[in-house]
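# An overview of the molecular structure
Residues per chain are reported as follows:
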Amino acid sequence: MRMYDIILKKRANVPLTDEEIRFVIDGYVKGDIPDYQVSALLMTIVFNGMSARELGTLTLAMAQSGHMVDLSSIDGITVDKHSTGGVGGDKTTLIIGPPLVAACGGKVAKMSGRGLGHTGGTIDKMESIPNLKVSLEQDDFINQVNRIGLAVIGQSEGLAPADKKLYALRDVTGTVDSIPLIASSVMSKKLASGAQAILLDVKVGSGAFMKTIDDARALAKAMVDIGTENGRSVKAVLTDMDRPLGHAIGNALEIREVIDTLKGRGPQDLTHECLIMAAHMLVLSHICDYETALSRVQDALDSGEALERLRLMIEAQGGNIHVINDESLLAIGKFTYDVTAPQDGYIIHMNTEQCGIASVMLGAGRTVKDGPIDYSAGIVMHKKTGDSVICGESVATLYTSDESLIPNAAKTYVEAITFGTTAPTVVDTILDIVE
């Protein structure tokens, strides 16, 4: 078998066999196939796409290139949730998965990532809780899920190394924005993480990688097909990211919002989206039907059981449980700045990506992998798309530990907001379901 022949075959838009796909992944990870030949193959995939069978095989081969997590010793169906990235959206994991789903009998064994660029990372949020551990030995991870129904930790370095190599190559060869390649990248890590059921939160809009509903739907279908091809139960929820989710952007600020939401006083859009996605996770777990699930997660929220599950997770992973009732333990930046409305009227649009970038400029995110992060930095939005404003009133407060960062971040945030005199139409945060 020769890589040269495989490139020509795919260039001619002839489907590759399972053996050919595995030959490519195995050879590339071992270093037997050079970058330039894999680059050529990637470009043929950009132009010709892949069938569901090809994509399923490619993704599994990528997953099996490294450590495959075995969750079979966990009682019940394990369920995971993944977001394709946005602004304020990754905090949903800490509301949906652990508290709401685990409180209703689900088993959430989740490995999450860190933030990069304008998108946040669940692990960064968790690390703003004093002493919380985001790394556990596999036996401890599994035992915790069996004991309290949930655990959220950082992704292992040994997870899907083929994806790491391929992504680095795609990044420099103009092959990042290919739906089959994006789908295989996401799902290879999900397959390697071991969950039997997966809920995908596919973001759509100015703050997401998928800017249009059609592209988001195509990506969702590709990922659902990959799961189906590999024996997983997968459902995708398309959610709006044309405005940030909730009121907070940052790390400690978002943990405060998570706790407020689980106390029943969170933002309406965030609460609404989390309840719906938690209900779908219970359905994927074969616990109950959707209407029953929706009622159960609402009861878990109202009764305080969901908040108690978050407390149990924080305690199990060594964190300071007093953050639940004392938000001062979640530090916020000592320097603040209020962005004010320049006129009476409405916020008619928000460039959500730019809002996220403004938060990064305050120190809340990274511009390079493993770069420093200020857990106390971020933005609290008082007004969002559709809200009325009065000239001079605060639409957002910026927080940082470095006062010199405020001017440029404030300028970026102001430029992200469009004001007008006519109230815009605001869509529901849930746009579509793909299963």
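A short tour of the structure in this document, coming up. Starting from 1, residues in each chain are numbered consecutively following that chain's sequence as written. For this predicted model, a pLDDT threshold of at least 70 governs which residues receive local features, and a threshold of 80 or more governs which side-chain atom pairs are given and counted, while totals over whole chains, interfaces and linings are taken from all residues. Side-chain calculation: all heavy atoms of the structure are included, whereas hydrogens and water are not.

### Regarding the overall build of the chain
Using the following cut-off: Runs of E in the DSSP output that reach at least two residues are strands. Runs of H or I that reach at least four are helices, and both are numbered from the N terminus. Our radius of gyration looks at C-alpha atoms and nothing else; its globule reference is 2.2 Å times the residue count to the power 0.38. The buried label applies to any residue whose accessible area, calculated with a 1.4 Å probe on protein chains only, is under 20% of its type's maximum; exposed applies above 50%, and partly exposed to all values in between. Pairs of residues are marked as contacts when any of their non-hydrogen atoms sit within 4.5 Å. We treat Lys and Arg as the positive residues and Asp and Glu as the negative residues; His and chain ends play no part in the count. The atoms used to mark charge sites are NZ of Lys, CZ of Arg, CG of Asp and CD of Glu.
The helix and strand tally for the chain stands at 16 helices and 13 strands. Its C-alpha radius of gyration of 22 Å places the chain within 12% of the 22 Å reference for a compact globule of 435 residues. Expressed as lengths along the three principal axes of its C-alpha atoms, the size of the chain is roughly 70 × 45 × 40 Å. Taken over 435 residues, the chain has a buried fraction of 56%. Considering only intrachain contacts with a sequence separation of at least 6, the fraction spanning at least 24 residues in the chain is 79%. When the 39 basic and 55 acidic side-chain charges of the chain are each reduced to a single mean position, those positions are 3 Å apart.

### Looking at the sheet that holds strand β8 (residues 345–350)
The condition that has to hold: What makes two strands pair is DSSP finding at least two bridges between them.
Reading across from one edge, β10-β8-β12 is the order of the three strands in this open sheet, with antiparallel pairing throughout. Looking along the sheet, the strands with just one partner apiece sit at the ends: β10 (388–389) and β12 (417–420). Strand direction decides the pairing type here: β8 and β10, joined by two bridges, are antiparallel. Within β10, the residue paired with G345 across the bridge is V389.

### Section: the sheet that holds strand β13 (residues 430–434)
Quick reminder of the rule: Axes, fitted as lines to C-alpha atoms, cover a helix only where it is in contact. Angles between the N-to-C directions of the axes lie from 0 to 180 degrees.
What the six strands build is an open sheet, ordered β3-β2-β1-β4-β5-β13; its pairing is mixed. Taken across any chain shown, the strands that pair with only one partner, and hence form the sheet edges, are β3 (150–154) and β13. Recorded for the sheet is a direction-independent mean angle of 20 degrees between the axes of neighbouring strands. In this structure, strand β4 (residues 197–204) lies alongside strand β5 (residues 233–240), joined through eight bridges in parallel fashion. Looking at the pairing, A197 lines up with S233 of β5. Against the sheet, helix α9 (residues 179–193) contacts β1 (78–83), β2 (107–112), β4 and β5, and its axis sits at roughly 160 degrees relative to β1.

### What about the nonpolar core?
Quick note on the threshold: For our purposes a nonpolar core is just a set of buried Ala, Val, Leu, Ile, Met, Phe, Trp, Tyr and Cys residues, chained together by side-chain atoms within 4.5 Å.
Counting residues in hydrophobic clusters, the biggest one holds 57 residues, and the most contacted among them are V38, L41, F141, L200, V202 and M223. Among residues more than four places away in sequence, those in contact with V202 are T84, A216, L219, A220, M223, A236, V237, L238 and T239. Core analysis: the second largest hydrophobic core is formed by 52 residues, L270, M277, L301 and L310 among them.

### Focus on a nonpolar patch on the surface
Using the following cut-off: Candidates for patches are residues over 30% relative accessible area with no salt bridge; among them, like charges are joined within 9 Å and nonpolar side chains (Val, Leu, Ile, Met, Phe, Trp, Tyr) within 5 Å. We get accessible surface area from the Shrake-Rupley algorithm with a probe of 1.4 Å; when it comes to residues, only the shown protein chains can shield them. The salt bridge definition used is simple: a Lys or Arg side-chain nitrogen within 4 Å of an Asp or Glu carboxyl oxygen.
A contiguous nonpolar surface patch, about 280 Å² in accessible area, is contributed by M43, V46 and F47. Structurally, the position occupied by V46 is in helix α3 (residues 35–48). The class of V46 is partly exposed, set by a relative accessible area of 31%.

### A look at helix α10 (residues 213–229)
To keep things clear, this is the line we draw: Helix span is expected to be 1.5 Å times the residue number reduced by one.
Between its terminal C-alpha atoms α10 stretches 24 Å, which fits the 24 Å expected from 17 residues at 1.5 Å a residue. Inspection of α10 places A216, L219, A220, A222, M223, V224, I226 and G227 among the buried residues, and these make up the whole buried set. Each element contacted by the buried residues of α10 is listed here: α4 (52–63), α9, β4, β5 and β13. At the C-terminal side of α10, G231 shows a positive phi close to 75 degrees.

### Focus: the pattern of salt bridges
Two side chains bearing opposite charge may form a pair once their charged atoms approach each other closely. Taken as a whole, this structure holds 25 salt bridges when the rule is applied. Salt-bridge contacts for D432 lead to R217; the nearest nitrogen and oxygen are separated by 2.8 Å. Residue D432 is located in strand β13, and its partner R217 is located in helix α10; the two are separated by 215 residues in the primary sequence. In this structure R217 comes out as partly exposed when scored by relative accessible area, which is 32%. Between R311 and E315 there is a salt bridge whose closest N-O contact spans 3.6 Å.

### Overview of the side chain of K203
Heads up, the rule is: For the purposes of these results, a polar contact is taken to be a pair of N or O atoms within 3.5 Å, where, inside protein, one atom must be able to donate a hydrogen and its partner to accept one; residues adjacent in sequence count only when each atom of the pair is a side-chain atom.
By secondary structure assignment, the location of K203 is in strand β4. There is a polar contact of 2.9 Å between the side chain of K203 and the side chain of D201. A polar side-chain atom of K203 sits 3.1 Å from a polar atom in the side chain of E273.

### Points about the state of the cysteines
Here is the rule: Note on terminology: disulfide denotes any pair of cysteine sulfur atoms within 2.5 Å.
What the rule picks out here adds up to zero disulfides. Between C288, a cysteine without a disulfide, and C104, which holds the nearest cysteine sulfur, the sulfur-to-sulfur distance is 7.5 Å. The exposure class of C288 is buried, given its relative accessible area of 16%.

### Here we look at the packing of aromatic side chains
Basically, it comes down to this: Between rings of Phe, Tyr and Trp, where Trp is taken as its six-membered ring, a pair exists when centres lie within 6.5 Å; planes separated by under 30 degrees are stacked, by over 60 edge-to-face, and by other angles tilted. Lysine NZ or arginine CZ positioned within 6 Å of the ring centre and within 35 degrees of the ring normal marks a charge as sitting over the ring.
As enumerated under the stated definition, the model contains zero aromatic pairs in all. A cation over an aromatic ring shows up here: K165 above the ring of Y28, its NZ or CZ 4.2 Å from the ring centre.

### What to know about empty space enclosed by the protein
This is how the line gets drawn: Computed over the protein atoms alone on a 1 Å grid, cavities are sets of points where a 1.4 Å probe fits but cannot get out and pockets are open sets with protein on both sides within 12 Å along at least five of seven lines; a residue lines them when it has an atom within 4 Å of a point. Grid points are joined across faces, edges and corners, and a volume is the space filled by probe spheres set on the points. Residues are grouped as follows: Ala, Val, Leu, Ile, Met, Phe, Trp, Tyr, Cys and Pro are nonpolar; Asp, Glu, Lys and Arg are charged; every other residue, Gly included, is polar.
With the rule as written, the count across this model stands at four cavities of 30 Å³ or more. Roughly 110 Å³ of volume is contained in the second largest cavity. In terms of lining residues, the second largest cavity is bounded by 13 residues, among which V24, I25, L41, I45 and L58 are the most central. Here the residues of the lining of the second largest cavity are counted per class, giving twelve nonpolar, no polar and one charged.

### A short note on the packing of helix α12 (residues 268–284) against helix α13 (residues 290–303)
Where we set the bar: Throughout, the term roughly parallel applies to angles under 35 degrees, roughly antiparallel to angles over 145, roughly perpendicular to angles from 65 to 115, and oblique to all others. Take the far helix as the reference: if the near one is turned anticlockwise from it by less than a right angle, the crossing is left-handed, and if turned clockwise, right-handed.
Interaxial distance between α12 and α13 falls to 8 Å at its minimum, and their mutual angle equals 125 degrees. With respect to each other, α12 and α13 are oriented oblique. Handedness of the α12/α13 crossing: right-handed. The segment α12 lies against α13, with T271, L275, I276, A278, A279, H280, L282 and V283 engaging Y290, A293, L294, V297, Q298 and L301.

### Remarks on the packing of helix α11 (residues 252–262) against helix α14 (residues 305–316)
Interaxial distance between α11 and α14 falls to 8 Å at its minimum, and their mutual angle equals 140 degrees. The angle between α11 and α14 falls in the class oblique. From α11, V258, I259 and L262 reach across to α14, where they touch A306, L307 and L310.

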